[in-house]
Amino acid sequence: MLAGWLATAKCFEATFQGQLLPYFWPAITGHLVPVFTVSGAACYALFTLSARALLDIGRTGLWAWLLGSLNVLALLAAGATLFSEQTLLPRMVVSRLGLAIVAVLPLAAWRTPLPARPGSRALQIAFFLCWCSLGLTIWTARHGRPVQFTGLTMLCILGVYSRMRAAAQASERRTTEHLAWHDPLTQLPNRPRGHRLLDEALRQASVRPEALHGGAGVGLLCLDLDRFKHVNDTHGHAVGDALLRTVAERLQHCLGSGNTACRLAGDEFMVVLPDVRSPEQVIRQCETVMAEFRRPFDIEGHQLFMSLSIGAAVFPDHALDAEILMRNADTALFESKRAGPGHFRVFHPDMNTRLMAYVSTRNALHVALERKEFELHYQPQIGLKDTDVVGVEALIRWRRPGQPLHQPGDFIAVAEESGLIVPIGTWVLHEACRQAAHWHRTGWHTVRMAVNVSPLQFQSGRLVKDVAAALEDSGLPPHCLELELTESVLMGKEDEAICTVRDLKNLGISLSIDDFGTGYSNLAYLQRFRFDRLKIDRSFILGLEQGTDAPAIVHAVLQMARHLNLRTTAEGIENASTAARLTAMGCDEAQGYHYARPLPAPALDRWREAFLQQATA
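Parameters and conventions
What you see as residue numbers is a count from 1 along each chain, following the sequence as written. Predicted model: local features are reported for residues with pLDDT of at least 70 only, side-chain atom pairs are reported and counted for 80 or more only, and whole-chain, interface and lining totals are derived from all residues. The side-chain figures draw on all heavy atoms in the structure; neither hydrogens nor water molecules are used. Residue exposure (1.4 Å probe, protein chains only): buried if accessible area is under 20% of the type maximum, exposed if over 50%, otherwise partly exposed. For the purposes of this entry, the term helix denotes a DSSP run of H or I that reaches at least four residues, the term strand denotes a run of E that reaches at least two, and both are numbered from the N terminus. The directions from the helix axis to the C-beta atoms are what the arc is built from. Any two residues whose heavy atoms approach within 4.5 Å at even a single point are treated as in contact. Paired strands, as defined in this entry, are two strands with at least two bridges between them according to DSSP. In this analysis, axes come from line fits to C-alpha atoms, helices being fitted only over the stretch in contact, and the angle between any two N-to-C directions falls in the range 0 to 180 degrees. With a 1 Å grid laid over protein atoms only, a set of points is called a cavity when a 1.4 Å probe fits there but cannot get out and a pocket when it is open yet has protein on both sides within 12 Å along at least five of seven lines; lining residues have an atom within 4 Å of a point. Grid points are joined across faces, edges and corners, and a volume is the space filled by probe spheres set on the points. The nonpolar class holds Ala, Val, Leu, Ile, Met, Phe, Trp, Tyr, Cys and Pro. Asp, Glu, Lys and Arg form the charged class, and all remaining residues, Gly among them, are polar. Side-chain rings of Phe, Tyr and Trp, where Trp is taken by its six-membered ring, are said to pair if the distance between their centres is within 6.5 Å; with planes under 30 degrees apart they count as stacked, over 60 as edge-to-face, and otherwise as tilted. The salt bridge criterion pairs a side-chain nitrogen of Lys or Arg with a carboxyl oxygen of Asp or Glu, the two atoms within 4 Å.

**Q** Break down helix 9 (residues 228-235) for me, with residues and values.
**A** What sets the pattern is the α-helix's 3.6 residues per turn: residues three or four places apart point alike. Those residues of helix 9 not exposed but buried are F228, V231 and N232. Buried residues of helix 9, viewed axially, fall in a sector of 95°; they line one side. Facing away from the buried side of helix 9, by more than 90 degrees, are the exposed residues K229 and T234. Turning to helix 9, the residues buried within the fold contact strand 1 (217-225), helix 10 (237-255) and strand 5 (302-304). Following helix 9 by one or two positions, G236 adopts a phi angle in the positive range, close to 100°.

Written as structure tokens, this is what we have:
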């Protein structure tokens, strides 16, 4: 803008000081000379200011003082023409100072680094062209030549530059706006843009005529990639990023026109369906997406199989505003992930009740350890041959204030999903070892304490240290501790599991495989891992009295364990006939309600005393 003012002022100045105007209007020329002398000095100042503002020329240091001083002197000399009849000398001073400014400006430009901004190189070229035009204007004005076209040329140059700079700024604004509303990795709309699209879809659906009859709706899908972290851990983040881009492409391909996919964060996506006529349409869309993701992904030479979990909610059936609709879709997504990978759920009001119960339990678990609300009950394990109490299994209970005593099934799943199972499991380990050490010191030297280990606790990397610390703190002999592992604990990174099992065995403790037969029943586990005991799941034991194939299965498991030198324990013994039948089959030990329910330590002491008296009677 300053450069534009400069060009216009110099154009008029050159016109009036040249030879055209005196021919047409001689009388007025003498009166306008002081005015246009001040105008010329102001033009030098405007040119300097424009150069300083656009190219940072002479903004600091010596050049700033020099250019500023020359402009001030030129303005003072020009101002003298307004108060003196002899204007020749001030005009000559102003003209020479203008030439000095024209000489100093290119030196300052040469010593000033080029600023990093759009179009700066074109601006520098325009500056030097304008500088040449200014110098030519001053030189021709001093020699009395008509130079009006020089100023117009400079104005055109600055106009071209202004257009170039405006285009560059518009492109920069478009790029900035795109980055503000789109995810840089997948180029999908991001979370803020997704919220805007949802709000707009809800507004449009509310004013459609069908909304009065319940025929206009908006569907919202919240999607989450199952086990995406495993891809990053196994193949690296570059493959993970490429997978996310391919996922975005597939989503857009299978959604159809009018529907929009957005990336919220990480492996979380959202889909807005602005024209939904019925909940069945949302279900069909979920099934279409699920089917699309059953095909493998070919990413940088890797064939990856990924599944999705989807939670869906529909306006106006499930919510009347965007915030609640997203919350309900998230609740449905939570339910689908709890059902396992590759599921989708449509929101139902009952889900909120379950979610609130989950959140309440999770929050209460965070403080339960500090408040010492957990306690251990112990279920005895009986040797079937000599009818002796050979050990106990530690089972956790939660005495939550104001509620009945909670069984493990009421909170263990929540503890595992929230990661709290690791500190809870560490507490169970220490408390069980402390109690077993107490029994050992008081004369029960054959006691064997069995403690369950969760998959998260086993994979946490601290189990070996926790076991060693529990044994050291309690003083319990290592052979008195047995850890019970399920098949799910061993699945996945088997090499790391073998190392962990080896380190645990080196501590001197024993290991048992729990619930054998209910999982994959991978016989290779029995061969690769050094187990001491095999526990037969109660589902097979209950089938012994029901005329199913359970007797054959139990017999085969017992025979296999005998050949592998594994001791066996049967769970879920409900009556004496089942115990007798297992004894005849060669089972070593048993536990169940036929002998005793899980009991607190003092109650177990009384039961054991009575049991031993009855056995010796």
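**Q** Which residues make up the sheet that holds strand 6 (residues 308-315), and what are the values?
**A** Pairing in this open sheet of five strands is mixed, and the strands run 2-3-1-6-7 from one edge to the other. Two strands lie at the open edges of the sheet, namely strand 2 (260-265) and strand 7 (344-346), each paired on one side alone. Averaged over neighbouring strand pairs, the angle between their axes works out to 20° when direction is ignored. Pairing of strand 1 with strand 6, which is carried by eight bridges, proceeds in the antiparallel orientation. For L221, the partnering residue across the bridge sits in strand 6 and is A312.

**Q** Requested: an account of the layout of surface pockets, with residues and values cited.
**A** In this structure, the second largest pocket encloses a volume near 1000 Å³. Along the walls of the second largest pocket sit 38 residues, with E393, L395, P408, N452 and D514 positioned nearest its centre. When contributions to the lining of the second largest pocket are tallied by element, the ones reaching two or more residues are strand 9 (388-398), helix 14 (412-418), helix 15 (421-441), helix 16 (455-459), helix 18 (487-490) and strand 12 (510-516). Ranked by the residues each element gives to the lining of the second largest pocket, the list is headed by strand 9, at five residues. Split by residue class, the lining of the second largest pocket holds 13 nonpolar, 14 polar and eleven charged.

**Q** With reference to specific residues and values, describe the packing of aromatic side chains.
**A** The final tally for this structure, using the stated rule, is nine aromatic pairs. Their ring planes at 55° and their centres at 5.6 Å tell us that F293 and F297 sit as a pair that is tilted. Ring centres of W439 and W444 lie 5.3 Å apart, and the angle between their planes is 50°; this geometry places the pair in the tilted category. W444 carries the same exposure label as W439, and that label is buried. Ring pairs connect the aromatic residues F374, W398, F411 and W427, which therefore count as one cluster.

**Q** Just give me the short version of the pattern of salt bridges, but keep the residues and values in it.
**A** With the rule as written, the count across this model stands at 21 salt bridges. As a salt-bridge pair, D466 and R462 come within 3.2 Å of each other at their nearest N and O atoms. The structure contains a network of salt bridges with shared partners spanning R448, E482, R533, R567 and E589.

**Q** How would you summarise the pairing of strand 2 if you had to cite specific residues and measurements?
**A** Where strand 2 and strand 3 (residues 268-276) come together, five bridges link them in antiparallel fashion. Within the sheet, the bridge partner assigned to R263 lies in strand 3 and is F269.

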